[in-house]
Amino acid sequence: QEIETLGKRVSKLLTSIDNTSFLEQVGYDTASRLADISSRINEAIKFKIIIITNKKLTTRVRSSGISLESIYDRDTSIEVFDLAYLFDIEQGNNENANTLIDFEELFDDGLIALSSNSSPTGQKSFLCVMPADYLSEIYHRWGQRLLQSNVRSFLEFRGLSNKGMKECLLKEPENFFVYNNGITVTASDLKTKRDGNHLKIVQLENMQIVNGGQTTCCIYFAPKENKGPGSVGGNLKWSDIDLKKASVQMKLTILDGENAEYNNEMTANISRYSNTQAAVQAADLISNHPFHRRIEDLSRKTHVSGQDGIPSKWFYERSRGQYNVALRQKRTPSAKRGFQSEYPKSQKFVKTDLAKYENTWRRRPFEVCKGAQKNLALLGSELIKEWERTDDNFREPFYKKLIAKAILFKSLDSEINKAEWYKQERGYKALTVTYTIAWLRNSLLEKKVDIDLNKIFRNQKLSQELLNELLNIARTVRANFMDMNFRNGVSNISEFAKKPIAWDELKKISIPCDIKENDLLNEKQIKRQRDQEKDTVKTSAEVDVITRILNIKEEEWLDLIRYLNENDNLPYDHKNISLINLCVGLHNGEKMPTEKQASAAIRIHAKANAESWSFL
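Okay, so let's go over this structure. (Residues numbered from 1 in each chain as written. Predicted model: local features only at pLDDT ≥ 70, side-chain atom pairs only at ≥ 80, totals over all residues. Heavy atoms only, no water.)

### A few points about the overall build of the protein
Turning to step 1, where the next piece is worked out: Scanning the protein for helices and strands turns up 29 helices and 17 strands.
Turning to step 2, where the next piece is worked out: Considering the protein as a whole, with its 616 residues, one finds that 48% of them fall into the buried category.
Turning to step 3, where the next piece is worked out: Relative to all contacts within the protein whose residues are 6 or more apart in sequence, the contacts with residues 24 or more apart total 74%.
Turning to step 4, where the next piece is worked out: As presented, the protein carries roughly 31500 Å² of accessible surface, and 48% of it is formed by carbon and sulfur atoms. (Helix = DSSP H or I, 4+ residues; strand = E, 2+ residues; numbered from the N terminus. Buried < 20%, exposed > 50% of the residue type's maximum accessible area, 1.4 Å probe, protein only. Contact = heavy atoms within 4.5 Å. Areas by Shrake-Rupley, 256 points an atom, 1.4 Å probe, with all protein chains shown as cover.)

Printed below as a string of structure tokens:
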């Protein structure tokens, strides 16, 4: 009742903003703000009232929202953020929040489903028909949260597949089911009921569209297109699309909620084997690895100093199309400008860019020259091995240096493009950039100094002196590659650049350069910086492990204590009930365990899960 009352107050406020007597009562400043809202209110496609509370909410309240009478005849919903949810937003995890989709509550009916046999590994599969208007409403409410496990986000209506889907929805929506491959969905749990001879799905928890993100977004965005009439002629417009006439096939898999590692593997396999509508690049299929998720999270919460003094962020596009989808969901021009100010397009980078910057810095330019996908595959396998040894190497210090490497690469690329010597004879710019940076770093390391990446990150640009020296080196590097003698008679420059011998030959070349001390770190500074980074990483790791403890419910820790007490003969290296009691105490605001204690408790929890214990 309190939530509904708050919602009604907001509704009353918005519907009164053109009322002169009302505006006279609220004061000049408030009236001015409301007048600004009034001038833009027609641009809104929906209203969402957000209530912030320090009370504890159930997943159902937080995910489903509470219905409210429409405002200005537009869809209106309420969403409640409690402190745990706000913490997720602050950490960049807001799109990973739990979702509970109640079909009976939303649509007054469940989904008719055909069940297949359960697999020995715990999965259950179903075939369903998903009405297009249902799918649109679900995406309307939960948006990108549904696509976190999808290898791509919306790729706009430029591709033939997406254009075709849009036109089909307009011209012959009844045949959309026939022509479309459907969607592949996973969920962590479901609720079903019998309706006569039919099995109906009435609830899905943590629904994820693993394959069919393009279909979902086309269904949602197509009726909202405002770029003139449809391509079928006559007076039809995209807003004439009737989603009630269309439906899609849905293949649903309920994953084993207790085995996160196996679920990630299953999700990747489902993506690989079920995606046939558009080519899936190798880079897309590793989107869900924790390494890429961490870089994405860091990019959403790490501010940088803008050139104009306004802070901004870099945008790591973990899955293809994320940036365009995020921009597209900003419906007003001012909202779009705000997003582009926070995440300038020039500061967007993708997985293949990351691999290019990082492998150049690792002095493997011949791998970078093998092409974006091949280079990502080569570096990716190394990064995963390093992550498995210790993920602490990939926290905030790594991210900030990665951004500095991006600035280094992009700045040199831009400067070469403007150089007179390059304009006279264009070509081979990409290989020139990677080999130049690799050569310079190799030369500096031989002198036991290195480029100060933290300075580049702080300033978000290179010093003019460093840029000039890089450009001079680049000119010599390119001249060597274009020299047949340097290539040992190999006629194809690009093919030669892909071979390790090209790097071996370039390292032998002496190129004059004079990098100023203020752009470098000496041995002592390098060691001091590493020590400082260790402290930063230690703090971050401590926060992570404490967060993992708090993400496991108190009831679950208590049940684990019961299990351990009843099974004294289990082979536990760290079987220590007091450690688990510390985790229980943490939930109640008592003494915080050390990182070592917390890590041991997490290991006990994982071992018990791998054996006969499970908390349901």
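Picking up where we left off.
### Details of the pairing of strand β3 (residues 75-81)
Turning to step 1, where the next piece is worked out: Counting buried positions along β3 yields six of seven residues, so the element is predominantly enclosed.
Turning to step 2, where the next piece is worked out: Both strand β1 (residues 46-52) and β3 contribute to a ladder of seven bridges, which runs parallel. Paired with K46 across the two strands is D75, which belongs to β3. (Pairing = 2+ DSSP bridges.)

### Some thoughts on the side chain of N480
Turning to step 1, where the next piece is worked out: Mapping N480 onto the fold places it in helix α23 (residues 464-481).
Turning to step 2, where the next piece is worked out: Looking at N480, the relative accessible area reads 15%, which means it is buried.
Turning to step 3, where the next piece is worked out: In terms of polar contacts, N480 uses its side chain to reach the backbone carbonyl oxygen of T476, at 2.8 Å.
Turning to step 4, where the next piece is worked out: Excluding anything up to four places from it in sequence, N480 contacts F486 and I509. (Polar contact = N/O pair within 3.5 Å; in protein donor to acceptor, adjacent residues only side chain to side chain.)

### Thoughts on the packing of aromatic side chains
Turning to step 1, where the next piece is worked out: Under the criterion given, the structure shown has 25 aromatic pairs.
Turning to step 2, where the next piece is worked out: Aromatic pair Y435 and W503: ring centres 6.2 Å apart, planes at 55 degrees, arrangement tilted. With Y435 in helix α21 (residues 429-446) and W503 in helix α25 (residues 500-507), the pair connects residues that are 68 residues apart, well separated along the chain.
Turning to step 3, where the next piece is worked out: Here a set of aromatic residues connected by ring pairs shows up, and it is made of Y435, F481, F486, F496 and W503.
Turning to step 4, where the next piece is worked out: Here the basic side chain of K166 rests over the ring of W238, its NZ or CZ set 4.3 Å away from the ring centre.
Turning to step 5, where the next piece is worked out: Above the plane of the ring of Y220 lies K224, whose end atom (NZ or CZ) is 4.0 Å from the centre. (Phe/Tyr/Trp six-rings, centres within 6.5 Å; stacked < 30°, edge-to-face > 60°. Lys NZ or Arg CZ within 6 Å of the ring centre and 35° of its normal.)

### Remarks on the packing of helix α13 (residues 290-301) against helix α19 (residues 396-418)
Turning to step 1, where the next piece is worked out: Orientation of α13 relative to α19, taken along the N-to-C sense of each, is 75 degrees, at an axis distance of 10 Å. On the basis of their axis angle, the class for α13 and α19 is roughly perpendicular. Seen from α13, the contacting residues are F291, I295, L298 and S299; seen from α19, they are E396, F398, Y399 and L402.
Turning to step 2, where the next piece is worked out: Per-class residue counts for the contact of α13 with α19 are six nonpolar, one polar and one charged. (Axes fitted to C-alpha atoms, helices over the stretch in contact; angles between N-to-C directions. Parallel < 35°, antiparallel > 145°, perpendicular 65-115°, else oblique. Nonpolar A, V, L, I, M, F, W, Y, C, P; charged D, E, K, R; others polar.)

### Topic: the pattern of salt bridges
Turning to step 1, where the next piece is worked out: Applying the stated criterion to the full structure yields 33 salt bridges.
Turning to step 2, where the next piece is worked out: The salt bridge partner of K356 is D353, with a shortest N-O separation of 3.7 Å. Of the two residues, K356 and D353 are both situated in helix α16 (residues 351-361); the distance of three residues between them amounts to about one turn of the helix.
Turning to step 3, where the next piece is worked out: The class for K356 is partly exposed, based on a relative accessible area of 26%.
Turning to step 4, where the next piece is worked out: The class of D353 is buried, set by a relative accessible area of 18%.
Turning to step 5, where the next piece is worked out: For K455, the salt bridge goes to D519, with nearest N and O atoms at 3.2 Å. Remark: D519 occurs in the loop between α25 and β17 (520-521) and K455 occurs in helix α22 (residues 453-459); sequence separation between them is 64 residues.
Turning to step 6, where the next piece is worked out: What makes K455 buried here is its relative accessible area of 18%.
Turning to step 7, where the next piece is worked out: On the accessibility criterion, D519 (5% relative accessible area) is buried.
Turning to step 8, where the next piece is worked out: Through salt bridges with shared partners, one network takes in R294, D391, D392, R395 and D544. (Salt bridge = Lys/Arg side-chain N within 4 Å of Asp/Glu carboxyl O.)

### Things to note about the nonpolar core
Turning to step 1, where the next piece is worked out: Core analysis: the biggest nonpolar cluster contains 64 residues, and I295, F349, Y435, L440, I451, I456 and F481 have the highest contact counts within it.
Turning to step 2, where the next piece is worked out: Listed in part, the 45 residues of the second largest apolar core include A113, L170, Y220 and V248. (Core = buried A, V, L, I, M, F, W, Y, C linked by side-chain atoms within 4.5 Å.)

### Section: the environment of K313
Turning to step 1, where the next piece is worked out: Assignment of secondary structure puts K313 in strand β13 (residues 312-313).
Turning to step 2, where the next piece is worked out: On the basis of relative accessibility, which here comes to 8%, the residue K313 falls in the buried class.
Turning to step 3, where the next piece is worked out: Measuring from C-alpha to C-alpha, the distance between K313 and R300 comes to 6.9 Å, with 13 residues separating the pair along the chain.
Turning to step 4, where the next piece is worked out: In this view, K313 contacts S299, R300, K301, T302, H303, V304, E342, Y343, P344 and Q347; residues no more than four positions away in its chain are not counted.
Turning to step 5, where the next piece is worked out: Polar side-chain contacts of K313 include one of 2.9 Å to the backbone oxygen of R300.

### Considerations on the side chain of R294
Turning to step 1, where the next piece is worked out: Locating R294 in the fold gives a position in helix α13.
Turning to step 2, where the next piece is worked out: Among the polar contacts made by the side chain of R294, one reaches the side chain of D391 at a distance of 2.6 Å.
Turning to step 3, where the next piece is worked out: With sequence-adjacent residues up to four places away left out, R294 is seen in contact with W387, D391, F394, R395 and D544.

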